[in-house]
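# Architecture at a glance
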Amino acid sequence: KTLTNSMKELSNGVESCILRGKKQESLHHHSFSMKQIHQLIALFVAFSCNGIFASAGWIDSHTPEDKLKTKSLVDGLEYELVMSDEFSVPNRTFNDGHDSTWTSLDKPDADANSAGGGSLHFYNSSQVTTTEEGYLKITPIAEDKVWNQYDPVLKQYNKSKTHFKSGMLQSWNKFCFTGGIVEVDVILPGSSTVGGLWPAIWLMGNLGRATYLASTNNVWPWSYNVCDRDLQGAQVISACNVQNHFGLHPSQGRGATEIDIIEAMAGDAKGQYYPETDPPIILPYADLTLQVAPGIKKYRPTPGYQPRPREYLESGNIKYDGSKWYRNLGLQGNTSINPFFYGTFLGKTKPEEPVQRGKHQEFQADALSAMHQMSPDQFETMHTVRLEWQPGPGGSLDWFVEDRQNTTASIEGENGKRWIRAFSIKDESLNEAMGSQIPIEPSYLIMNVAISSAWGFPFKLEKWCTGCYDCADEKCQCSFQSGFCEMMEN
């Protein structure tokens, strides 16, 4: 399906972030790396067969010639470059208003709600810059940050404080695309054996802005264009709405979908593989995920266990047991269904939360997630990950990882580079399960390093441990993985 045709179905309410092109669309994030002990470093480029992108000035003149075209590893179609940023100019700044493509945030992560991730950091634009060597660099540090936080219940500002700073870069409302190919060359941050950093490269539909909860409440991560009266209250932009405001089309379901190209989990495995992973996965690993709503309500897989078929034959009789989950998900190489994260239930909020949902607005979001085995050298040298996104009905999502071991599961791409098609999701799987679809939303890129007590931190603290998160406080050391504070202070 062409991007042009996709755009005709979308409202002009997001015209500032709509890119028009033909079928062959690709986005290539050329280098996203971390050469220092805890810094995230990157370059960026993108493709189409329509020169409108180039005429708009999206292509960096420093982009190598061999990146001007690429071929799909799914169907062999050729894609042309439409956007690039090599970050070759040192000491760039990305504060709000400084850059035509990117914005670096100056705000808290704002996930301190019932479905939040326990963030421990403040995003500072000063933590994002470019190096003399020509990379984007995001540097998380152990440093206090105090700011005035608005309390929506008491309608007043109160002092808030974190003990960590980090960076998030977004192309929200500046550059986005619908369908294509994204490549990222990445050296992951920190040590492969020390948990606590949460580096991520991901896409979100432009209708919602990551970390701005009012923009994503009951908008994230809907990919549903069916009128269902039971779900209408939970989906702000529902196909049941005869009148959608802000110039949006009536009777069209929209949302801020999320595609996680890579989220990396480091840590000391101590020789132990994760139970219920098939094939067995050990730290460090990467999550490759589509988050989508509506989600499956009944007979969901039990967290910590692989999905079990709900229907099976026993002595010639059909028995019902186990769970309902998405069928025909493609897994290759050292890649397992992620049995520890099947999605998020967004329930009725508490009065003290920054955004509000009533009982009729509750809904289940699903995470179609795979765990791919990583190696320590991915934290030391550049490796490439790739997403191919064919949007809408009949479309698919395919995650590729670079294979330097020349395994039997790999396929050969351009310039002799070998790839493993680690994870695949077809539109039929979504439509069959819940009537949802492969995202069609114009989406923007996000690159960040988070620090969260829910990611790579000790799963269970000792009874004597106070549970605080300040590297400068001796009594808090038990709350971190061994070596984390030393890594952050190096």
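Preceding this paragraph is the structure being described.
To start, this report covers the structure provided alongside it. Just so we're clear, the structure is a prediction, and the values are computed from it rather than from any experiment. (Residues numbered from 1 in each chain as written. Predicted model: local features only at pLDDT ≥ 70, side-chain atom pairs only at ≥ 80, totals over all residues. Heavy atoms only, no water.)

### Focus: the overall build of the chain
Of the regular secondary structure elements, the chain holds five helices and 28 strands. The buried share of the chain, reckoned over its 490 residues, is 57%. Residue pairs in contact within the chain that sit at least 24 positions apart in sequence constitute 69% of those at least 6 positions apart. Put simply, the chain shows about 21300 Å² of open surface, and 49% of that area lies on carbon and sulfur atoms. (Helix = DSSP H or I, 4+ residues; strand = E, 2+ residues; numbered from the N terminus. Buried < 20%, exposed > 50% of the residue type's maximum accessible area, 1.4 Å probe, protein only. Contact = heavy atoms within 4.5 Å. Areas by Shrake-Rupley, 256 points an atom, 1.4 Å probe, with all protein chains shown as cover.)

### As for the packing of aromatic side chains
Considering all chains together, one arrives at 22 aromatic pairs under this definition. Ring geometry for F164 and F480: centres 6.1 Å apart, planes at 75 degrees, overall edge-to-face. Placement of the pair is F164 in strand β12 (residues 164-166) and F480 in the loop between β28 (443-451) and α5 (484-489), with a sequence separation of 316 residues. Here F164 falls in the buried class, since its relative accessible area comes to 0%. An aromatic cluster is defined as three or more aromatic residues linked by ring pairs; in this entry it consists of F164, F457, Y469, F480 and F484. (Phe/Tyr/Trp six-rings, centres within 6.5 Å; stacked < 30°, edge-to-face > 60°.)

### What to know about the side chain of D366
Structurally, D366 is set in strand β23 (residues 363-373). Residue classification places D366 among the buried residues on the basis of a relative accessible area of 0%. Engagement of the side chain of D366 in a polar contact is seen with the backbone nitrogen of I296, the distance being 2.9 Å. A polar side-chain atom of D366 sits 2.5 Å from a polar atom in the side chain of R300. (Polar contact = N/O pair within 3.5 Å; in protein donor to acceptor, adjacent residues only side chain to side chain.)

### Things to note about the nonpolar core
Ranked by size, the top nonpolar core spans 67 residues in total, and within it Y326, L387, W399, I425 and F484 carry the most contacts. One finds Y123, M168, M204 and Y224 within the second-largest nonpolar core, a separate group that totals 31 residues. (Core = buried A, V, L, I, M, F, W, Y, C linked by side-chain atoms within 4.5 Å.)

### Side note on the pattern of salt bridges
As a working rule, side chains carrying opposite charge can pair if their charged atoms are close by. Considering all chains together, one arrives at 16 salt bridges under this definition. Between E362 and K359 there is a salt bridge, with its nearest N and O atoms 3.4 Å apart. Judged by its relative accessible area of 21%, E362 falls in the partly exposed class. Here K359 falls in the exposed class, since its relative accessible area comes to 60%. The partner of R421 in a salt bridge is D398, and the shortest N-O contact between them spans 2.8 Å. Linking R421 in strand β27 (residues 418-426) with D398 in strand β25 (residues 396-402), this pair joins segments that are 23 residues apart in sequence. R421 sits in the partly exposed class, given a relative accessible area of 23%. Members of the salt-bridge network, linked through shared partners, are D85, R92 and D99. (Salt bridge = Lys/Arg side-chain N within 4 Å of Asp/Glu carboxyl O.)

### Regarding the pairing of β25
Within β25, seven of the seven residues are buried, which leaves the element mostly enclosed by the surrounding structure. Neither face of β25 is open: one carries S396, D398, F400 and E402, the other L397, W399 and V401, and all of them are buried. Pairing between strand β24 (residues 383-390) and β25: six bridges, direction antiparallel. In the sheet register, V385 faces β25, and the bridge partner there is V401. Bridge count for β25 against β27 is seven bridges, and the pairing is antiparallel. Residue pairing across strands places S396 opposite K426, the latter belonging to β27. (Pairing = 2+ DSSP bridges.)

### Observations concerning the state of the cysteines
For the structure on display, the rule yields four disulfides. In this model C465 forms its disulfide with C478; the gap between the sulfur atoms is 2.0 Å. Between C465 and C478, the disulfide has an S-S torsion of 90 degrees and is therefore right-handed. Pair noted here: C465 is in the loop between β28 and α5 and C478 is in the loop between β28 and α5, with a separation of 13 residues, a long-range link. Look at C465 and you get buried, because its relative accessible area is 11%. Here C478 falls in the partly exposed class, since its relative accessible area comes to 24%. A sulfur-sulfur separation of 1.9 Å characterises the disulfide bridge that pairs C468 with C476. Taking the torsion about the S-S bond as the criterion, the C468 to C476 disulfide, at about -115 degrees, is left-handed. Here C468 matches C476 in class, with each residue buried. (Disulfide = S-S within 2.5 Å.)

### As for the environment of F340
Structurally, the position occupied by F340 is in the loop between β21 (335-337) and β22 (343-346). Remark: the alpha-carbon pair of F340 and A370, spanning 30 residues in sequence, is separated by 10.0 Å. Non-local contacts of F340, meaning those with residues more than four positions away in its chain, are made with Y274, P275, T277, G304 and M371.

### Thoughts on the environment of P284
Along the chain, the position of P284 falls in the loop between β16 (258-265) and β17 (285-292). Owing to a relative accessible area of 4%, P284 belongs among the buried residues under this scheme. Separated by 91 residues in sequence, P284 and T193 place their C-alpha atoms 7.3 Å apart. Filtering out sequence-adjacent residues up to four positions away, P284 remains in contact with S192, M265, A266, Q373, M374, S375 and F379.

### Here we look at the sheet that holds β12
Judged by pairing direction, the sheet is mixed, and its three strands sit side by side in the order β6-β7-β12 without closing on themselves. Looking at which strands have only one partner, the edges of the open sheet turn out to be β6 (107-108) and β12. As defined by bridge partners, strand β7 (residues 121-123) adjoins β12 across three bridges and the pair is classed as parallel. Within β12, the residue paired with H121 across the bridge is F164.

### Let's talk about helix α4 (residues 427-434)
Side chains three or four residues apart in an α-helix point the same way, a direct result of the helix having 3.6 residues per turn. Looking only at α4, the buried set comprises D427, S429, L430 and A433. Mapping the buried residues of α4 onto a view down its axis gives an arc of 165 degrees, with all of them on the same face. On the buried face of α4, the contacting elements are β17, β23 and β27. G435 occupies a position one or two residues after α4 and carries a positive phi of about 80 degrees. (Arc of directions from axis to C-beta.)

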